[in-house]
Amino acid sequence: MINVAICDDNIETTGKMDSILCNIAKKNFIPAETEVFWDGKHLVDAVETGIRFDIIFLDIEMEKEDGITAARKIREVDKNVLIVYVTNYQSYMQESFSVRPFRFLVKPVDETQMAVCFEEAYEEISSADSYFRFSYQRLNHKVSIRDILYFESKKRKIYIITEKEMFELYGKLNDIEKSLKASKIAFLRVHQSFLVNYKHVDGLAYDFIVMDNGKRISISEDRRRLISEQYCEMEDTFYVDR
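Residues numbered from 1 in each chain as written. Predicted model: local features only at pLDDT ≥ 70, side-chain atom pairs only at ≥ 80, totals over all residues. Heavy atoms only, no water.

*Asks:* Describe the pairing of strand S9 (residues 157-162), listing the residues and the values that go with them.
*Replies:* Within S9, six of the six residues are buried, which leaves the element mostly enclosed by the surrounding structure. Here six bridges tie strand S8 (residues 148-154) to S9, and the two strands are oriented antiparallel to one another. By the bridge assignment for S9, Ser 153 is matched with Ile 158. The turn linking S8 back onto S9 is made up of two residues, and Lys 155 within it adopts a positive phi angle of 55°. Where S9 meets strand S10 (residues 166-170), five bridges bridge the pair, whose relative direction is antiparallel. The partner of Tyr 159 across the bridge, within S10, is Glu 168. Here S9 hands over to S10 after three residues, the two strands then running antiparallel side by side. (Buried < 20%, exposed > 50% of the residue type's maximum accessible area, 1.4 Å probe, protein only. Helix = DSSP H or I, 4+ residues; strand = E, 2+ residues; numbered from the N terminus. Pairing = 2+ DSSP bridges.)

Below you can see the structure in the form of structure tokens.
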């Protein structure tokens, strides 16, 4: 079941979007449930109480609490929900980048736009639950790829760092990097010893990156230009709806 939130202070808009999304889900045989909110505060309250959404269609210009403020609060609780901004103005695009929207739709939104966006979001969600599988000390393990912050190589061991745990295995980072290319989640080889999950990168500087757990990881000198280019390409991919 895909759980979708629609947040807009215009009742006519939310009704139209709700109807379009239900039709798209039905046509594509996608089980989906929608919930409508008419201001950002009520949406944030719902998320903070533990209600989980897979996709949020969020208006930016709302009177009580605007979409950018709401999204920042939501990101503190849920780093994985796909946020789709729906707005009258493209000028908000740059300001919205800090919360990593999945797409940016400009009103009036029609069924074709919504269908493309919803289907791409569904594909992203479906692929996000893939696992990294490995063996260590004669036991088989699996870790959700979306939860991995980074891999670190030390001598013959690889350390897998997640938000809550650390795992270890014997192997080569080059082999892990190749195996992860089949995943739709992007990883950056910022250093010979580090492979990081793009979705957990909080910021990029010239010679280091900052992960969303506060960890600062150096970018090796010979990789700085490439990492900068890859990062910019990913920002464009994840933020801008073409």
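We are not done yet, so read on.
*Asks:* Give a detailed account of the sheet that holds S8, specifying residues and quantitative values.
*Replies:* Hydrogen bonds between backbone groups are what pair the strands of a sheet, and the pairing can be parallel or antiparallel. On the basis of which strands lie adjacent, the open sheet formed by five strands has the order S10-S9-S8-S12-S11 and antiparallel pairing. Whereas interior strands pair on both sides, the edge strands pair on one side only; in this sheet they are S10 and strand S11 (187-191). When the angles between neighbouring strand axes are averaged without regard to direction, this sheet yields 20°. (Axes fitted to C-alpha atoms, helices over the stretch in contact; angles between N-to-C directions.)

*Asks:* Residue-level account of helix H1 (residues 11-27), with values.
*Replies:* Along its 17 residues, H1 runs 24 Å from first to last C-alpha, staying within 8% of the 24 Å computed at 1.5 Å per residue. A distance of 2.9 Å separates the backbone nitrogen of Glu 12 from a side-chain oxygen at the start of H1, and that oxygen is part of Asn 10. (Expected span 1.5 Å × (residues − 1). Polar contact = N/O pair within 3.5 Å; in protein donor to acceptor, adjacent residues only side chain to side chain.)

*Asks:* Describe the nonpolar core, naming the residues involved and giving the relevant values.
*Replies:* If you look at the biggest cluster of nonpolar residues, it comprises 23 residues, and the most contacted ones within it are Ile 55, Phe 57, Met 114 and Phe 118. Where this core is concerned, the elements lending two or more residues are strand S1 (2-7), H1, strand S3 (55-59), strand S4 (82-87) and helix H5 (111-128). Residue contributions to this core peak at six residues, all from H5. Discounting chain neighbours no more than four positions away, the residues touching Phe 118 are Ile 2, Val 4, Leu 21, Ile 24, Ala 25, Ile 30, Ala 32 and Ile 55. The next biggest cluster of nonpolar side chains, apart from the first, holds 20 residues, and it includes Val 47, Leu 58, Ile 68 and Tyr 85. (Core = buried A, V, L, I, M, F, W, Y, C linked by side-chain atoms within 4.5 Å. Contact = heavy atoms within 4.5 Å.)

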